[in-house]
Amino acid sequence: MSNARGMSLHIGINVLDKKGYPLKPAIPDYPDGWDGYLESCEYDAEELCELAREQGFDAKLLLSQDATSENVRKEIRRAAKELKSGDIFYLTYAGHGGQVPDRSRDEKDDRLDETWCLHDRQFLDDELFALYSEFKPGVRILIMSDSCHSGTVSRGGPLRPKKRSRTARCMPPESVRPIYVARRKEYDRIQDETPQVKEDEVQASILLLAACQDEQEADGNAFHGFFTQAVLDTWDNGKFEGGYDDFFAAVQQELDRVGRSASKARAAAGETVDESEFQVPNRFRIGSKDATFDKQRPFEI
């Protein structure tokens, strides 16, 4: 769009502050708290930030220790304050996904709130939704979340492994409840104090492209999350032509290809592989309807 402005924020978290993720009760694997170590989330954020800058975005990068709840909230609010109708905000997250009990009862399916595991604490999807409501009418928001349980939050291969892999971007199952219980009063307070924003109260047009469904795990390797790699390969240094519908379909096809390749390798190693476990990306729309958004070339200001 002529004269439109683009701002972007790219979050990549390889390590968490153990003090922010204590466990109650403590478990042997994490006696002093959980640091959530991952290898490639910062690489994801750095490459997507570079992509955004090449497209003309005013891009901000927050890595690990700098990716706190306060800094993330500040940067999103800065974009909400400065952007006007016709502008675009591009937000990416690479890191662990988590879940806490839903006190607001806005999650009709599993009664869980999906979260981003920021450096100091979990950031709830209710908090993100409330921030999105601060954007002006006519602003476009593009969100890419490469984390587990990311299907509607506004990393096993592309397979969900029977045994959680070292690179899976989600909390270890045995630690989800203890991490919540240790800071239960704070998380409950955040939910109680966060405005419950209805979808029709969000005036911006939001498109979420997520690494997987809410019930799934997402994964990666030492270089990238598989979803982020599929995005970069599909974009192909700007050679991609088409709108977001075609782009998402191509990303989905690439993830499926990687999943089938991984399944052959695992089968050759003697593992039993279920194709239903393939990591399936998700596309989700909220806020004001904008028929032209989906038709625009990806990352276009």
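Details of the structure are given in the entry above.
Residues numbered from 1 in each chain as written. Predicted model: local features only at pLDDT ≥ 70, side-chain atom pairs only at ≥ 80, totals over all residues. Heavy atoms only, no water.

1. As for the pairing of strand β4 (residues 97-101)
Just so we agree on the cut-off: Relative accessibility thresholds used throughout: buried, under 20% of the residue-type maximum; exposed, over 50%; partly exposed, between the two (1.4 Å probe, protein chains only). Helix numbers and strand numbers start at the N terminus; a helix is a DSSP run of H or I with at least 4 residues, a strand a run of E with at least 2. Only strands joined by at least two bridges in the DSSP assignment are considered to pair.
For β4, the buried fraction is high: four of the five residues fall into the buried class. With five bridges joining them, β4 and strand β5 (residues 112-117) adopt antiparallel strand pairing. Its bridge partner being in β5, Val-100 is matched across the sheet by Asp-113.

2. Here we look at the state of the cysteines
Just so we agree on the cut-off: In this description, the term disulfide denotes a pair of cysteine sulfurs within 2.5 Å.
A full pass over the atoms with the stated rule returns zero disulfides. For Cys-148, which is in no disulfide, the shortest distance to another cysteine sulfur is to Cys-170 and amounts to 3.5 Å.

3. Side note on the packing of helix α1 (residues 41-54) against helix α6 (residues 226-235)
We count it as follows: Axis geometry follows a simple rule: fit a line to the C-alpha atoms, using only the stretch in contact for helices, then measure angles between N-to-C directions, giving values from 0 to 180 degrees. Orientation categories follow fixed angle ranges, with anything under 35 degrees roughly parallel, anything over 145 roughly antiparallel, 65 to 115 roughly perpendicular, and all other angles oblique. Left-handed describes a crossing whose near helix is turned anticlockwise from the far helix by less than a right angle; the clockwise case is right-handed. By definition, residues are in contact when any of their heavy atoms lie within 4.5 Å. Ten residue types, Ala, Val, Leu, Ile, Met, Phe, Trp, Tyr, Cys and Pro, are classed as nonpolar, four, Asp, Glu, Lys and Arg, as charged, and the remainder, Gly among them, as polar.
Remark: α1 packs on α6, axes separated minimally by 11 Å, with the N-to-C direction vectors making an angle of 30°. As judged from the angle between their axes, α1 and α6 are roughly parallel. For α1 against α6, the interelement crossing comes out left-handed. Between α1 and α6, the contacting residues are Asp-44, Glu-47, Leu-48 and Leu-51 on the first element and Thr-228, Val-231, Leu-232 and Trp-235 on the second. Among the residues forming the contact of α1 with α6, the class breakdown is five nonpolar, one polar and two charged.

4. Things to note about the environment of Val-251
In this structure, Val-251 sits in helix α7 (residues 244-268). Taking the C-alpha atoms as reference points, Val-251 and Gln-229, 22 residues apart in sequence, are found 9.2 Å from one another. Excluding its chain neighbours within four sequence positions, the residues that come into contact with Val-251 are Phe-227, Ala-230, Val-231 and Thr-234.

5. With respect to helix α2 (residues 69-82)
We count it as follows: By this rule, a helix spans an expected 1.5 Å times one less than how many residues it contains. Directions from the helix axis toward the C-beta atoms define the arc.
With 14 residues, α2 should reach 20 Å at 1.5 Å per residue; the first-to-last C-alpha distance of 20 Å fits that figure. Of the residues making up α2, those classed as buried are Ser-69, Val-72, Glu-75, Ile-76, Ala-79 and Ala-80. Seen end-on, α2 carries its buried residues on one side only, within an arc spanning 140°. Of the exposed residues in α2, those oriented more than 90 degrees away from the buried face are Glu-70 and Lys-81. In this structure, the buried side of α2 is in contact with β1 (6-12), β2 (58-63), β3 (88-94), β6 (122-124) and α3 (125-132).

6. Overview of the side chain of Thr-194
Going by this rule: Think of a polar contact as two N or O atoms within 3.5 Å of one another; within protein, one of them needs to be a possible hydrogen donor and the other a possible acceptor, and neighboring residues in sequence only count if both atoms come from side chains.
Examined against the element boundaries, Thr-194 turns out to sit in the loop between α5 (184-193) and β8 (205-210). A polar atom in the side chain of Thr-194 sits 2.5 Å from the backbone oxygen of Ile-190. Sequence-distant contacts of Thr-194, defined by excluding residues within four places in its chain, comprise Asp-126, Glu-127 and Ala-130.

7. Section: the nonpolar core
Put simply, the rule is: Think of a nonpolar core as a cluster: buried Ala, Val, Leu, Ile, Met, Phe, Trp, Tyr and Cys residues, connected wherever their side-chain atoms sit within 4.5 Å.
Grouped together as the largest cluster of nonpolar side chains are 40 residues, with contacts concentrated most on Ile-11, Phe-89 and Phe-135. Those elements that place two or more of their residues in this core are β1, α2, β3, β5, α3, β7 (140-146) and β8. Excluding residues within four positions of it along the chain, Phe-89 makes contact with Met-7, Ser-8, Leu-9, Ile-76, Ala-79, Leu-83, Phe-135, Arg-140, Ile-141 and Leu-142. One finds Leu-48, Ala-211, Val-251 and Phe-293 within the second-largest nonpolar core, a separate group that totals 33 residues.

8. Focus on the packing of aromatic side chains
Given two aromatic rings, their pairing is described by the distance between the two centres and the angle made by the two planes. Basically, it comes down to this: Here a Phe, Tyr or Trp ring, Trp counted by its six-membered ring, pairs with any other such ring whose centre lies within 6.5 Å, and the pair is stacked when the planes are under 30 degrees apart, edge-to-face when over 60, and tilted otherwise.
Applying the stated criterion to the full structure yields nine aromatic pairs. With a centroid separation of 5.8 Å and 55° between ring planes, the pair formed by Phe-57 and Tyr-90 is classed as tilted. One end of the pair, Phe-57, is in the loop between α1 and β2; the other, Tyr-90, is in strand β3, with 33 residues separating them in the sequence. For the pair Tyr-244 and Phe-293, a centre-to-centre distance of 5.5 Å together with 85° between the ring planes defines the contact as edge-to-face. You can see Tyr-244 sitting in helix α7 and its partner Phe-293 sitting in the segment after β9 (282-287), a full 49 residues away along the chain. For Phe-293, a relative accessible area of 0% translates into the label buried. Among the aromatic residues, those joined into a cluster by ring pairs are Phe-57, Tyr-90, Trp-235, Phe-240, Phe-247 and Phe-299.

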